[in-house]
Amino acid sequence: MKPPEFGYSRPESVAEALAVLGSLGPDGKVLAGGQSLVPLLNLRLASPGHLVDINALAGLGYVRAGRGEVVIGALARHAQVLADQAARSVQPLLAMALAHVAHPVIRNRGTTVGSIVHADPASEMTAVLALLGGSVRLASTDGERVVAADRFFLGSFEADVRPGELATEVVVPALPPRAGCAFTEISRRRGDYAICGAAATVALSTDGSIERVRAAYLSVGPAPVVLDLTESAGDPESAARLATERIETSGDIHATADYRRHLVGVVTRRALTAALAHARGRADG
Amino acid sequence: MASGGDGAMGSGGAVTNPTTGLFDIRLTVNGTLHAVSVPARRLLSDCLRHDLRLTGTHVGCEHGVCGACTVLLDGVPVRSCLMLAVSADGSAITTVEGLAAADGTLSAVQRAFKDSHGLQCGFCTPGFLTMITAALAENPDPTPEEAREMVGGNLCRCTGYQNIVTAVLRAAELTRAERA
Ligand SMILES: Cc1cc2nc3c(=O)[nH]c(=O)nc-3n(C[C@H](O)[C@H](O)[C@H](O)COP(=O)(O)OP(=O)(O)OC[C@H]3O[C@@H](n4cnc5c(N)ncnc54)[C@H](O)[C@@H]3O)c2cc1C
Ligand code: FES
Ligand code: FES
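Residue positions are given per chain, counting from 1 as you read along its sequence in written order. Lettering for chains starts from A, numbering for ligands starts from 1, and both go in the order in which the items are written. At least 70 in pLDDT is required for a residue's local features to be given in this predicted model, at least 80 for side-chain atom pairs to be given and counted, and no such filter applies to totals for whole chains, interfaces and linings, which use all residues. Calculated side-chain values reflect all of the structure's heavy atoms, with hydrogen atoms and water omitted.

Enquirer: Please explain the environment of A:Leu129 as it appears in this structure.
Expert: Residue and element names in this part refer to chain A. Tracing the backbone shows Leu 129 in helix H8 (residues 124-132). For the exposure calls, accessible area comes from a 1.4 Å probe over protein chains only, and a residue counts as buried if that area is under 20% of its type's maximum, exposed if over 50%, partly exposed in between. A relative accessible area of 1% means that Leu 129 is categorised as buried. Leu 129 sits 12 residues away from Val 117 along the chain, and the two C-alpha atoms are 11 Å apart. Residues within four places of Leu 129 in sequence aside, it is in contact with Ile 116, Gly 134, Ser 135, Val 136, Ala 149, Phe 153, Val 170, Val 171 and Val 172. Working definition: helices are DSSP H or I runs of at least four residues, strands are E runs of at least two. Numbering for both runs from the N terminus. Here, two residues are considered to be in contact whenever any of their heavy atoms come within 4.5 Å of each other.

Enquirer: Is there a simple way to explain the domain arrangement of chain B in this structure?
Expert: Accessible area lost when the parts come together is the quantity often used to give the size of an interface. All names here are of chain B. Residue ranges assigned to each domain were obtained from an automatic or database domain assignment. For chain B, the assigned domains are domain 1 (7-98) and domain 2 (108-179). Contact residues are listed per partner, giving 17 residues for domain 1 and 12 residues for domain 2. For any pair of parts, buried area is found by adding up, for both, the accessible area (1.4 Å probe) each one loses once the two are put together. Buried area between domain 1 and domain 2, both sides added, is near 1,000 Å², and the carbon and sulfur share of it is 65%. Salt bridge, as used here, is a side-chain nitrogen of Lys or Arg placed within 4 Å of a carboxyl oxygen of Asp or Glu. The interface formed by domain 1 and domain 2 holds zero salt bridges in total. Put simply, the parts of the chain that give the side of domain 1 that touches domain 2 at least two residues each are strand S3 (70-73) and strand S4 (76-79). If one sorts the elements of the side of domain 1 that touches domain 2 by residue count, S3 sits on top with three residues. Under the scheme applied here, ten amino acids are nonpolar (Ala, Val, Leu, Ile, Met, Phe, Trp, Tyr, Cys and Pro), four are charged (Asp, Glu, Lys and Arg), and all others, including Gly, are polar. Its residues assigned to classes, the side of domain 1 that touches domain 2 comprises eight nonpolar, eight polar and one charged.

Enquirer: Whenever I open this one, the packing of aromatic side chains confuses me. Can you help?
Expert: Here the distance between the centres and the angle between the planes together describe a pair of aromatic rings. Stacked, tilted and edge-to-face are the three classes applied to pairs of Phe, Tyr and Trp rings, where Trp contributes its six-membered ring and a pair requires centres within 6.5 Å; stacked means planes under 30 degrees apart, edge-to-face means over 60, and tilted covers the rest. Tallied over the full model, the rule gives two aromatic pairs over all chains. Look at A:Tyr8 and B:Phe23: their rings are 5.4 Å apart centre to centre, the planes differ by 85°, and that puts the pair in the edge-to-face class. Residue A:Tyr8 is found in strand S1 (residues 7-9), and its partner B:Phe23 is found in strand S1 (residues 23-29); the two belong to separate chains. Here A:Tyr8 falls in the buried class, since its relative accessible area comes to 1%. Classification of B:Phe23 by relative accessible area gives buried; the value is 0%. When the ring of A:Phe152 is compared with that of A:Phe153, the centres are 5.4 Å apart and the planes differ by 75°; the resulting orientation is edge-to-face.

Enquirer: What exactly am I supposed to notice about the sheet that holds strand S5 (residues 69-73) of chain A here?
Expert: Residues and elements named next belong to chain A. The five strands are arranged S4-S5-S10-S6-S7 in an open sheet whose pairing can be described as antiparallel. Sheet topology places strand S4 (63-65) and strand S7 (143-148) at the edges, where each strand pairs with a single neighbour. On average, each strand axis in the sheet is tilted by 20° relative to the strand beside it, whichever way the strands run. In the sheet, S4 pairs with S5 via three bridges, with the strands oriented antiparallel. Residue pairing in the sheet places Arg 64 in a bridge with Val 71 of S5. Note on definitions: angles span 0 to 180 degrees between N-to-C directions of axes, and those axes are lines fitted to C-alpha atoms, for helices only across the stretch in contact. Docked against the sheet, H8 engages strand S6 (135-140) and strand S10 (166-173), running at close to 55° with respect to S10. If DSSP finds at least two bridges between two strands, the strands pair.

So this is what it looks like as structure tokens:
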């Protein structure tokens with residue numbers, strides 16, 4: 001229950017961090033909030049050669065809410081993103097989902113970018129990024145690249161981050177006018193990893209009819225699953241039916257495949273009902 | 001690569017001692033400055049308990065689940081088992097030993113736990129006390145629902161939580177009375 005040996009650096013600028021990561025190659029591992037990595041070290045499930053601690057890169061601790069998007073820097077803690085009123089008004093789904101990420105004490109330390117890079121199949125923020133069509137900016141000594149969410153999540157705990165790269169920020173698009181969103185999940189205890197969860201968005205056209213319905217699911221596959229449920233015309237029952245037909249669930253120690261399929265229907269119904277009410281509220285207000 | 005890393009390799013603020021391969025760090029714990037040399041892999045919880053002999057911080061699970069190891073890092077509650085001591089270099093830490101006044105007078109949160117029977121074996125208590133101290137600073141007047149939510153991230157295997165929730169509400173009362 002103690003970490004194995006590793007080398008350690010705490011760079012004080014992004015340039016220095018990239019130089020260190022570049023020289024280490026596959027041996028290097030970024031340490032952000034440590035709320036996923038340190039348990040893996042303690043349990044000896046990971047044994048990186050060298051940790052590059054980014055906690056001194058205070059310049060990456062930002063949350064910038066613009067007109068069209070929210071940009072979250074690599075050192076912004078979950079708690080900071082959750083508390084950011086401007087971010088909440090530009091994209092309400094961020095705060096709705098973050099309230100379900102672990103417990104407040106874990107959120108004080110864990111970073112939102114770290115949880116996206118970590119790509120846990122049960123992560124709320126991966127589903128949010130996938131649903132909203134956000135992206136991740138990655139930097140290395142070779143330059144920068146931006147990867148869209150639909151290409152970023154490769155599998156269970158596997159994201160498109162190459163050796164030597166630092167994820168510097170994620171970009172989350174704003175919620176358009178006349179659209180609503182909701183997040184719901186089912187876990188054994190509040191704050192635990194979800195057995196099944198869903199984020200949903202509903203867009204209304206100017207006459208108030210349903211234009212588009214989408215949902216993203218966590219804990220149902222190796223990576224977030226995004227469905228277009230527009231053909232449900234916003235009816236929660238038919239959306240739940242569509243989702244249970246389309247999602248292939250599997251069983252594990254937390255739930256059987258059958259129970260999880262049942263939950264897909266439950267979270268779809270709940271998320272859609274709430275997102276629709278949210279959209280109508282915003283369209284009227 | 002050797003433990004402690006290579007000082008020449010841009011370890012920035014973290015400096016390895018060339019003879020020992022350890023990191024020389026400084027922690028202000030409960031107001032006292034400590035200089036201590038640790039390997040990179042030393043957890044903050046172990047640094048407090050083993051190096052500084054402050055065994056009030058308890059270690060239950062070492063993977064972030066139980067909350068027994070919670071300390072305040074620059075006033076903010078964190079799991080000390082999920083932090084490397086070297087990462088905490090330069091910060092101010094409050095452990096359960098730092099909650100009472102210098103003369104031993106218990107803090108409001110400690111008194112509330114005592115009065116409300118918020119503990120039995122006491123193993124989980126240091127984590128609850130530090131976390132609640134910080135949480136009440138942020139929300140001095142929690143509803144019963146908020147009090148329950150507040151303690152949701154810490155495990156207790158004895159009390160059944162009811163008296164802990166009572167203690168949170170009592171602590172809030174005592175703190176408000178102290179401030180009035
Ligand atoms: C008790 C407990 C409950 C939890 N419950 C939940 C939950 O319900 N939902 C949830 O989503 N999470 C949960 N978490 C995990 C938490 O959200 C973590 O904060 C998050 O998964 C990882 O963020 P971090 O900053 O702590 O990253 P770290 O642990 O530091 O790193 C995680 C991984 O990402 C890599 N990484 C991190 N940042 C970068 C970067 N900028 N560039 C490149 N690589 C990077 C690291 O190298 C490592 O491989 C829980 C954790 C605990 C301890
Ligand atoms: S010992 Fe740190 S959370 Fe259990
Ligand atoms: S009092 Fe025994 S674990 Fe909480």
